[in-house]
Amino acid sequence: MHVAKRLEQIGAYLFADLDRKQEQLKAKGVDVISLSVGDPDLPTPAHIVDALTEGARDPRSHRYPSYVGEKDFRSTVAAWFRKRFGVSLDPDTEVLALIGSKEGLAHLPWAIVDPGDVVLVPDPGYPIYRSSTILADGVPHPVPLLRERGFLPDLSAIPQEIARRAKVLFLNYPNNPTAATASMEFLTEAVEFARRHDILLAHDNAYSEITYDGYVAPSILEVDGAKDVAIELHSLSKTYCMTGWRIGFAVGSAAAVGALGRIKTNIDSGIFRAVQRAGVAAMAGPQDGVTERLRVYQARRDRVTKALRSIGWEVPDIKATIYVWLPVPGGMTSAQFTSAVLEKTGVLVTPGTGYGAHGEGYVRLSLTIGDTRLDEALGRLVDAFGRVSAPPAGSRATTR
Ligand code: MLT
């Protein structure tokens, strides 16, 4: 059978690959602890599950749902957005339901990008930005996120010729994988850049609610005039521990929301109504479940920080996301270190290069396993690596 060449360019999905590795080791009897994928282990709050159950019993749910999202869901998104960010949205033209934000990110370039158009992709960045660009026959142009710039892109360093050919700029703050956050000042600069070059700014805000120590993450739509040039994608996955439910939404520029909606009407048939009902219960209902879950993540963040700093590991301060982005100690590459950790400890981390070439020299840890297993994983790391400034014995300490 012939397989399309474009698949060679995107390869298997990062976490599908890591799942496979994990399963192979488990089959050999290794007690693998995964700190890899960011998949909340905590349950979805009960009132959300109840709404799904009621919705599933309602025969109206058994028919096709609306392509763009039920009116009730879109109005709830608009109300939540107004309360949370102070931004008004027209539920009919500026809100679109998504089968998870990943789905919207995957389809967006199809709606905006013609063959050969450039898409500005943060590097390191969520792998979908690059692969969806390639699937739309666009050309991903990596925009480095460097530690010395707080993992914010230097937009002024993007060559004029590239900016001229660019149709989309992906951004994502709070950031996966680096956990960096962006100020309103930076977001304003990004909106100006997008306006100047007639580029759609696609802001992935999947982690807007996963914040600590009083930090409140902004929406790009809070920037004056952003709706002219920006679309923002949100997810209920991480906020409400609903990764398996597949529900999110896109908001912002009516032109971009409409174009993405047009793609979707041709491809999918919307989200199960019962899941949308659960989404309404999540956003309009009590938020104390979110607060409780944030407390748990924050405590885990503190455990990881304390344990790894105690052996000399350079752990940054983290005020958002469920991730810890760690410099690889001892001059190893990300892949070498990931393998060394797995081999010596059975702990699976995510190599930074899974997010792009500028992820070299880093690994990512997720805070999405329970305390007992997290402590076990940290104990194994501490035992195996002791003082981490030197490379672990037996590994080849080479850099790129
Ligand atoms: C991550 O771990 O980066 C995400 O949870 C994975 C995903 O959304 O596919």
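Residues numbered from 1 in each chain as written. Predicted model: local features only at pLDDT ≥ 70, side-chain atom pairs only at ≥ 80, totals over all residues. Heavy atoms only, no water.

Some words on the packing of aromatic side chains
At step 1: If you walk through the whole model with that rule in mind, you get 15 aromatic pairs.
At step 2: Relative to Phe-186, the ring of Tyr-173 has its centre 6.0 Å away and its plane inclined at 75°; by these criteria the two rings are edge-to-face. In this pair, Tyr-173 sits in the loop between β5 (166–171) and α8 (184–197) while Phe-186 sits in helix α8, placing the two residues 13 residues apart along the sequence. For the pair Tyr-173 and Phe-186, a shared accessibility class is recorded, and that class is buried.
At step 3: Aromatic ring contacts, followed pair by pair, group Phe-73, Trp-80, Phe-81, Phe-85 and Phe-249 into a single cluster.
At step 4: When the ring centre of Tyr-13 is taken as origin, the NZ or CZ atom of Lys-102, which lies over that ring, is 3.7 Å away. (Phe/Tyr/Trp six-rings, centres within 6.5 Å; stacked < 30°, edge-to-face > 60°. Helix = DSSP H or I, 4+ residues; strand = E, 2+ residues; numbered from the N terminus. Buried < 20%, exposed > 50% of the residue type's maximum accessible area, 1.4 Å probe, protein only. Lys NZ or Arg CZ within 6 Å of the ring centre and 35° of its normal.)

As for the site of the ligand
At step 1: Taken together, Tyr-13, Phe-15, Val-37, Gly-38, Tyr-126, Asn-176, Lys-238, Tyr-323 and Arg-364 make up all the residues around the ligand.
At step 2: One of the side-chain N or O atoms of Tyr-13 is found 2.6 Å from an oxygen atom in the ligand.
At step 3: One of the side-chain N or O atoms of Lys-238 is found 3.0 Å from an oxygen atom in the ligand.
At step 4: Relative to its unbound accessible area of 270 Å², the ligand is 87% covered by the protein chains.
At step 5: The class makeup of the residues in the shell around the ligand is five nonpolar, two polar and two charged.
At step 6: Two domains each provide a minimum of three residues to the shell around the ligand, namely domain 1 (5–43 + 288–399) and domain 2 (46–284). (Near = heavy atom within 4 Å. Polar contact = N/O pair within 3.5 Å; in protein donor to acceptor, adjacent residues only side chain to side chain. Areas by Shrake-Rupley, 256 points an atom, 1.4 Å probe, with all protein chains shown as cover. Nonpolar A, V, L, I, M, F, W, Y, C, P; charged D, E, K, R; others polar. Domains from an automatic or database assignment.)

Section: the sheet that holds β5
At step 1: The strand order across the open sheet formed by seven strands is β2-β8-β7-β6-β5-β3-β4, and the pairing between neighbours is mixed. Each having just a single partner strand, β2 (95–98) and β4 (139–144) make up the two edges of the open sheet. Averaged over all pairs of adjacent strands, the angle between strand axes in this sheet comes to 20°, irrespective of strand direction.
At step 2: Where strand β6 (residues 200–204) lies against strand β7 (residues 230–235), four bridges are found, and the strand directions are parallel. (Pairing = 2+ DSSP bridges. Axes fitted to C-alpha atoms, helices over the stretch in contact; angles between N-to-C directions.)

Description of helix α5 (residues 101–112)
At step 1: Taking 1.5 Å per residue as the helical rise, α5 with its 12 residues ought to reach 16 Å, and the 17 Å between its terminal C-alpha atoms agrees with that figure.
At step 2: All of the buried residues along α5 are Ser-101, Glu-103, Gly-104, Leu-105, His-107, Leu-108 and Pro-109. (Expected span 1.5 Å × (residues − 1).)

Examining the domain arrangement of the protein
At step 1: For the protein, the assigned domains read domain 1 (5–43 + 288–399) and domain 2 (46–284).
At step 2: Centre-to-centre separation of domain 1 and domain 2, based on C-alpha positions: 26 Å.
At step 3: Facing the 34 residues of domain 1 at the interface are 36 residues of domain 2.
At step 4: Between domain 1 and domain 2 lies a buried interface of about 3000 Å² when both sides are counted; carbon and sulfur atoms form 62% of it.
At step 5: The tally of links from domain 1 across to domain 2 stands at two salt bridges.
At step 6: A salt bridge links Arg-301 to Asp-213, with the shortest nitrogen-to-oxygen separation between them at 2.8 Å.
At step 7: Viewed at the interface, domain 2 and domain 1 are joined by 14 residue pairs in polar contact (both at pLDDT 80 or more).
At step 8: Residue assignment for the side of domain 1 that touches domain 2 shows that the elements contributing at least two residues are α1 (5–10), α11 (288–310), β9 (323–327) and β12 (362–366).
At step 9: The element contributing the most residues to the side of domain 1 that touches domain 2 is α11, with six residues. (Contact = heavy atoms within 4.5 Å. Buried area = accessible area lost by both parts, 1.4 Å probe. Salt bridge = Lys/Arg side-chain N within 4 Å of Asp/Glu carboxyl O.)

Topic: empty space enclosed by the protein
At step 1: Scanning the entire structure with this criterion turns up two cavities of 30 Å³ or more.
At step 2: Within this model, the largest cavity holds a volume of roughly 60 Å³.
At step 3: Around the largest cavity, the lining residues are Trp-80, Ser-208, Glu-209, His-234, Ser-235, Leu-236, Thr-239, Tyr-240, Phe-249 and Met-283.
At step 4: A class-by-class count of the residues in the lining of the largest cavity yields five nonpolar, four polar and one charged.
At step 5: Roughly 30 Å³ of internal volume is contained in the second largest cavity.
At step 6: Lining the second largest cavity, in full, are Ser-66, Tyr-67, Val-68, Gly-69, Ala-97, Ile-99, Lys-264, Asp-268, Gly-270, Ile-271 and Gln-276. (1 Å grid on protein atoms, 1.4 Å probe; cavity = no way out; pocket = protein on both sides within 12 Å on 5 of 7 lines; lining within 4 Å. Points joined across faces, edges and corners; volume = space filled by probe spheres on them.)

So, the pattern of salt bridges
At step 1: Tallying each qualifying case throughout the model produces 24 salt bridges.
At step 2: Of the charged contacts in the structure, one is a salt bridge between Lys-167 and Asp-117, with a shortest N-O distance of 3.6 Å. Pair noted here: Lys-167 is in strand β5 and Asp-117 is in the loop between α5 and β3 (118–123), with a separation of 50 residues, a long-range link.
At step 3: Residue class for Asp-117 comes out buried when judged on its relative accessible area of 12%.
At step 4: Among the ionic pairs, Arg-380 bridges to Glu-376, the shortest N-O distance being 2.8 Å. Of the two residues, Arg-380 and Glu-376 both sit in helix α13 (residues 371–385), four residues apart, roughly one turn of that helix.
At step 5: Overlapping salt bridges, with partners in common, bring together Asp-41, Arg-300, Arg-303, Asp-371 and Asp-375 in one network.

What to know about the nonpolar core
At step 1: The biggest cluster of nonpolar side chains holds 102 residues, and the ones touching the most others in it are Leu-120 and Leu-308.
At step 2: Looking at which domains feed residues into this core, each of domain 1 (5–43 + 288–399) and domain 2 (46–284) gives three or more.
At step 3: If we skip the residues at most four places from it in the chain, Leu-120 touches His-141, Val-143, Ile-158, Ile-162, Ala-166, Val-168, Leu-169, Phe-170, Phe-193 and Ile-199.
At step 4: Counting 20 residues, the second-largest nonpolar core is a separate cluster that includes Val-119, Ile-128, Ala-202 and Ala-250. (Core = buried A, V, L, I, M, F, W, Y, C linked by side-chain atoms within 4.5 Å.)

A closer look at the pairing of β4
At step 1: Pairing of β3 with β4, which is carried by six bridges, proceeds in the parallel orientation. Across the sheet, the residue bridging to Pro-122 is Val-143, located in β4.
At step 2: In terms of handedness, the path from β3 via helix α6 (residues 127–135) over to β4 forms a crossover that is right-handed. (Right-handed = clockwise from strand over helix to strand, strands pointing away.)

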